Protein chains: 2
Amino acid sequence: MFKIGEFSWFTRVSVKMLRHYDRIGLLKPSHVDPESGYRYYSVEQLPRLHRIVALKDLGFSLERIGDLLAGDLSEGQMRALLEQQRADLAALIEAEMVRLVRVEDTLARLADDLPVVDVVLRRVEAQLVASMRQRIDPFSEAISAMFVAVEQYVGAAQADRPPVLLYHDVEFIEEGVDVETAIPLKHPVEPTRRIHVRTLPAVDQMAVLVYTGPYEHMMPALTVLYHWIERGGYRIAGPQRDVYLRYNGSRGPARHLTTNPDDYITEFQIPVKGPNHAL
Amino acid sequence: MFKIGEFSWFTRVSVKMLRHYDRIGLLKPSHVDPESGYRYYSVEQLPRLHRIVALKDLGFSLERIGDLLAGDLSEGQMRALLEQQRADLAALIEAEMVRLVRVEDTLARLADDLPVVDVVLRRVEAQLVASMRQRIDPFSEAISAMFVAVEQYVGAAQADRPPVLLYHDVEFIEEGVDVETAIPLKHPVEPTRRIHVRTLPAVDQMAVLVYTGPYEHMMPALTVLYHWIERGGYRIAGPQRDVYLRYNGSRGPARHLTTNPDDYITEFQIPVKGPNHAL
DNA sequence: GGTACACCCTCCTACAATAGGAGAGTCAAG
DNA sequence: CTTGACTCTCCTATTGTAGGAGGGTGTACC
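Residues numbered from 1 in each chain as written. Chains lettered and ligands numbered in written order. Predicted model: local features only at pLDDT ≥ 70, side-chain atom pairs only at ≥ 80, totals over all residues. Heavy atoms only, no water.

## Considerations on the protein's contact with DNA strand D
Note the threshold: It suffices for a single heavy atom of a residue to lie within 4 Å of a molecule or strand for the residue to be listed as near it. N or O atoms within 3.5 Å of each other form a polar contact, as long as, within protein, one can give a hydrogen and the other can take it, and as long as residues adjacent in sequence are counted only when both atoms are side-chain atoms.
The environment of DNA strand D is made up of 19 residues, and the closest members are Lys16(A), Leu62(A), Gly5(B), Arg19(B) and Arg39(B). Counting only atoms of DNA strand D within 4 Å of the protein, the fraction found in sugar and phosphate groups is 71%. Take Leu62(A): an N or O atom from its main chain is 2.7 Å from a phosphate oxygen of DNA strand D. Within the backbone of Gly5(B), one N or O atom sits 2.6 Å away from a phosphate oxygen of DNA strand D.

Structure representation (structure tokens):
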């Protein structure tokens, strides 16, 4: 019989942890003095502690180790737990490798004196909108006109959410871009021949980049977004959306308006499908 | 201005977390109503929150994110933090991959109906011993005789620790194995021509396997230990030690003795050097 | 046989990031 | 003005590990 300190000394498991394993029932001392409460361990407990430590090194939680050591599980259940652990580890490694790539990309951008911008992946909810879709020349004034037309038409039905521009072309096009200007609605309005009423679908995995500044300089940021998607092993799964969080407009929800182009805030959103996450 | 719920809704950062970021100073609301305590956020805070989420996805802790966002660090410091993160991630990935290999090995053993045994890596402390070293035939009775001889010689100086057998051959040898039988000492004794007194050095990284059962069947377990070392990317860094935690002996510390070979408990220890840990 | 000191006990606290709940106050739409 | 949705603070929990306080225990040495 060993006192807890001796047992700790040569198993290299701290006294704190041995007491913890006792409390959670993972490893009870073979004898506890009822007078003093002193724990006494025997060599016979060594294989069990050894297995606990080994399973811990395999990445199992103490709770799962408890299950595994309970002994009342079939070989099939044992295998299932191990398979589960393998899958968890594989997923974790994949996620960490994507992270590593991203950190390296950021370092590379820093080394090249390029601006560091941040992309995040998140869900975007569905949104009822009124919209107008049209082929126009890129960066043209026509876009403003389209937004204004839709806003005027929907009037009080406009929701207090930022307007959205959708790009329906799959590839880059020099002129005649297929765009849709969408204004969020509080409730449906009657469609017309030019103004449609529809619901922008929710997107579970949206790669999002927030850009602050005038529209002329947004291309480098957008490039980063595409780079991010590619490097992360994602594929594009829908039309890009530009969300105007802060923009120049005499109309529209007041809290989204500003006049200084340097204060413009735009969110670039690209729906993606990824290998390592649920759709 | 958005109330916390709205801000949470479209950033997909939970209200709980927004309040948390406020408390730790990571993201203060642009306005807090002094009456109600209500937090109000503005679009201008979106880039910052976005960056926080992006850095979190890169694996940074909130504390480090705080440092990174403080803005008062040079590009060099920024780079250093990223480099650190890269190194941390690389190390983590390597460790997880070793884990994964081990889980897969365990599954393979399970599928082949081989016994699952557990190897752990730990430190072993230095130990003063009296020992006798000799070439003998493997598994011979001579080993017992050597232990008995040393035990008899050291007498009361014997410490209450298990005897150790060291194998000094680097490779497997059919006959004439170079072994050393070591008995732990409480304090030094006089050496003789045949009995040496020395300190078994501490080993920082010892691959250890606990084996329960008679000596005849220990080879498969030992094979696992070698396999484990190889698969983990370690190299052997010293002589193997067998520690007799529970063995048959009429003498020796009482708490290590038993007569039933099925109750024998032996620890196989092999010093290793590994790529991913400090020496 | 006593005393000092190393050891052991329980109970509390902390970490980091996140989540849930209780109880009370606030805002906005009808 | 009521009601229901929202918000506030404060408390608790998670997981594995560690530190400390305050008090009891075992033993080696004198």
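## Describing helix H1 (residues 4-11) of chain B
Put simply, the test is: Buried residues are those whose accessible area, probed at 1.4 Å on protein chains only, stays under 20% of the maximum for their type, while exposed residues exceed 50% and partly exposed ones sit between those limits. Helix and strand definitions here come from DSSP, where helices need a minimum of 4 consecutive H or I residues and strands a minimum of 2 consecutive E residues; each element is numbered from the N-terminal end. We call two residues in contact when some of their heavy atoms are within 4.5 Å.
Residues of H1(B) that are buried include every one of Ile4(B), Phe7(B), Ser8(B), Phe10(B) and Thr11(B), and no others. Turning to H1(B), the residues buried within the fold contact strand S4 (119-124) of chain A together with strand S1 (2-3), helix H2 (15-23), strand S3 (39-41) and helix H3 (46-57) of chain B. Of the residues flanking the end of H1(B), it is Arg12(B), one or two places downstream, whose phi is positive at about 60°.

## Looking at the relation of the copies chain A and chain B
How we decide: Residues reaching a pLDDT of at least 70 in both copies supply the C-alpha atoms on which the copies are superposed by least squares.
Between the two copies, chain A and chain B, the superposition gives an RMSD of 0.2 Å; the rotation angle is 180° and the shift along the axis is 0.0 Å. Seen this way, the second copy is the image of the first under a two-fold rotation axis. Taking C-alpha positions as reference, the residue of chain A nearest the rotation axis is Ile93(A), located at 2.9 Å. By residue overlap, the copies meet face to face through one surface: 100% of the interface positions of chain A are interface positions in chain B.

## A short note on the interface of chain A and chain B
Rules: The term buried area means the drop in 1.4 Å probe accessible area that two parts suffer when joined, counted for both and summed. Just to be clear on terms, a salt bridge is a Lys or Arg side-chain nitrogen sitting within 4 Å of an Asp or Glu carboxyl oxygen.
With 62 residues of chain A at the interface, the matching set in chain B holds 62 residues. For the pair chain A and chain B, the summed buried area comes to about 5600 Å², and 66% of that belongs to carbon and sulfur atoms. Viewed at the interface, chain B and chain A are joined by six salt bridges. Notably, a salt bridge pairs Glu44(B) with Arg246(A), separated by 2.5 Å at the nearest N-O pair.

## Regarding the protein's contact with DNA strand C
Taken together, 19 residues form the shell around DNA strand C, and within it Gly5(A), Arg19(A), Arg39(A), Lys16(B) and Leu62(B) come nearest. Per the 4 Å cut-off to the protein, sugar and phosphate atoms form 70% of the nearby atoms of DNA strand C. One of the side-chain nitrogen or oxygen atoms of Arg39(A) is found 2.9 Å away from a phosphate oxygen of DNA strand C. If you list the elements that add at least two residues to the surface near DNA strand C, you get helix H1 (4-11) of chain A together with H2 and helix H4 (62-70) of chain B. Examining the composition of the surface near DNA strand C, we find that four residues originate from one element, H2(B), more than from any other.

## Looking at the domain arrangement of chain A
All names here are of chain A. Note the threshold: Marked domain ranges trace back to an automatic or database domain assignment. Polar here means any residue outside two lists: the nonpolar Ala, Val, Leu, Ile, Met, Phe, Trp, Tyr, Cys and Pro, and the charged Asp, Glu, Lys and Arg; Gly therefore counts as polar.
Examined at the domain level, chain A breaks down into domain 1 (2-70), domain 2 (81-113) and domain 3 (119-273). The centre of domain 2, based on its C-alpha atoms, is set 31 Å off from the matching centre of domain 3. With five residues of domain 2 at the contact, the number on the domain 3 side is six residues. For domain 2, the biggest contributors to the area lost against domain 3 are Arg102, Asp105 and Arg109; these three give 74% of the whole. At the junction of domain 2 and domain 3, the tally comes to one residue pair in polar contact (both at pLDDT 80 or more). Residues that form the side of domain 2 that touches domain 3 fall into these classes: two nonpolar, no polar and three charged.

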